[in-house]
Amino acid sequence: MFYNLLKYVLLGPLLRLAFRPRIEGLEHVPSSGAAIVAGNHLSFSDHFLMPAVLKRRITFLAKAEYFTGPGLKGRLTAFFFHSAGQIPVDRSGKEAGQAAIREGLGVLGKGELLGIYPEGTRSHDGRLYKGKVGVAAMALKAGVPVVPCAMIGTFEAQPPGRKIPRVHPVVIRFGEPLDFSRYAGMENEKAILRAVTDEIMYAILSLSGQEYVDRYAADVKAAEAGREAEEKRRAPRMPRR
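Residues numbered from 1 in each chain as written. Predicted model: local features only at pLDDT ≥ 70, side-chain atom pairs only at ≥ 80, totals over all residues. Heavy atoms only, no water.

Caption draft 1: Representation of the nonpolar core. Ranked by size, the top nonpolar core spans 32 residues in total, and within it Ile36 and Ile200 carry the most contacts. Taken together, the elements giving at least two residues each to this core come down to β2 (35-39), β4 (86-89), α5 (96-109), β5 (113-116), α6 (134-142) and α8 (190-208). Non-local contacts of isoleucine 200, meaning those with residues more than four positions away in its chain, are made with Ala38, Val135, Val146, Leu178 and Phe180. (Core = buried A, V, L, I, M, F, W, Y, C linked by side-chain atoms within 4.5 Å. Buried < 20%, exposed > 50% of the residue type's maximum accessible area, 1.4 Å probe, protein only. Helix = DSSP H or I, 4+ residues; strand = E, 2+ residues; numbered from the N terminus. Contact = heavy atoms within 4.5 Å.)

In structure tokens form, the structure reads like this:
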């Protein structure tokens, strides 16, 4: 109930008024039945803008950190994300990927829409990064279509580190559903999972027009953070007076 209150009364109208998003291809999202909506991830705002324009409820897999913050603020944040249809997923450890797949299959098993960002994390520079194969595993195991989605303009509206979005034109573009029934029963084959994931990412790329990077975003972020730390360590220190 609180999901509908957020979408239709509290948050949804405010988001649509502030961003005035242009919606393209909404007819490609199935009106009923289970499906995956796979999108690029450019901004914290993505979590709320896409659900605000969809006619159906959509459940996203979200990082567990959103639900485990300390104190009153942490509890309120967890309540908000639960109410907004987010499911916490622990992304650490060997079982992280399998846990996410189990949660996603649970949503699809109820005939609902599942939202997922195959990149696994927000893009820190506006480019599109290599997708992780969990989206393919869920699509093949559940036997559901995948609707590619491109968020355009949300990076400029709320880049990393910016808490309050600025007003900026936003386009939310949905592509034709991708049918992977030809791979039925092959969900445990690594080459098939990679091929399906790459097809999904190419569809997102065609919709978004982003520059593509054939590396995982988390690896690139970690490498850049390491270089920055090393540069700081090597930087000459000013002598104390």
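Caption draft 2: Summary view of the environment of alanine 52. Tracing the backbone through its elements, the reader meets alanine 52 in helix α3 (residues 46-53). Judged by its relative accessible area of 9%, alanine 52 is buried. It is 7.6 Å that separates the C-alpha atoms of alanine 52 and arginine 16, two residues lying 36 residues apart in sequence.

Caption draft 3: A look at the side chain of glutamine 158. Residue position: glutamine 158 is located in the loop between α7 (154-157) and β8 (171-174). By relative accessible area, which is 4% here, glutamine 158 ends up buried. A distance of 2.4 Å separates a polar atom in the side chain of glutamine 158 from a polar atom in the side chain of serine 45. When near neighbours in sequence (up to four residues on either side) are disregarded, glutamine 158 contacts Leu42, Ser43, Phe44, Ser45, Lys163, Ile164 and Pro165. (Polar contact = N/O pair within 3.5 Å; in protein donor to acceptor, adjacent residues only side chain to side chain.)

Caption draft 4: Inspection of α8 at higher detail. Spanning 19 residues, α8 covers 27 Å between terminal C-alpha atoms, matching the ideal 27 Å at 1.5 Å per step. Structurally, α8 contributes buried residues whose contacts are with β2, β6 (128-129), α6, β7 (146-152), β8 and β9 (212-213). Phi for glycine 209, located one or two positions after α8, is positive at around 75°. (Expected span 1.5 Å × (residues − 1).)

Caption draft 5: Just the pairing of β5, in detail. By the alternation rule, side chains of β5 split into Leu113 and Gly115 and Leu114 and Ile116, which are all buried. Two elements, β2 and β5, share four bridges in a ladder whose sense is parallel. Considered in β5, the bridge of isoleucine 36 is made with leucine 114. (Pairing = 2+ DSSP bridges.)

Caption draft 6: Here's a closer look at the sheet that holds β4. What the seven strands build is an open sheet, ordered β1-β8-β7-β2-β5-β3-β4; its pairing is mixed. Unpaired on one side and paired on the other, β1 (22-24) and β4 mark the two borders of the sheet. Each strand of the sheet is rotated relative to its neighbour by a mean of 25°, with strand direction disregarded. Relative to β4, strand β3 (residues 58-63) is paired through four bridges, and the arrangement is parallel. (Axes fitted to C-alpha atoms, helices over the stretch in contact; angles between N-to-C directions.)

Caption draft 7: Up close: the packing of α6 against α8. Packing of α6 against α8 brings their axes to within 8 Å, and their N-to-C directions diverge by 105°. Classified by the angle between their axes, α6 and α8 sit roughly perpendicular to one another. The residues of α8 that touch α6, namely those facing Val135, Ala136, Ala137 and Leu140, are Ile192, Leu193, Val196, Thr197 and Ile200. (Parallel < 35°, antiparallel > 145°, perpendicular 65-115°, else oblique.)

Caption draft 8: View of the pattern of salt bridges. For the structure on display, the rule yields seven salt bridges. Arginine 127 is the salt-bridge partner of aspartate 125, the closest N and O atoms lying 2.9 Å from each other. Among the residues examined, aspartate 125 registers a relative accessible area of 28% and is labelled partly exposed. Here arginine 127 falls in the partly exposed class, since its relative accessible area comes to 24%. (Salt bridge = Lys/Arg side-chain N within 4 Å of Asp/Glu carboxyl O.)

Caption draft 9: Broad picture of the environment of glycine 106. Within the fold, glycine 106 resides in helix α5. In this structure the C-alpha to C-alpha distance between glycine 106 and alanine 142, which are 36 residues apart in sequence, comes to 9.5 Å.

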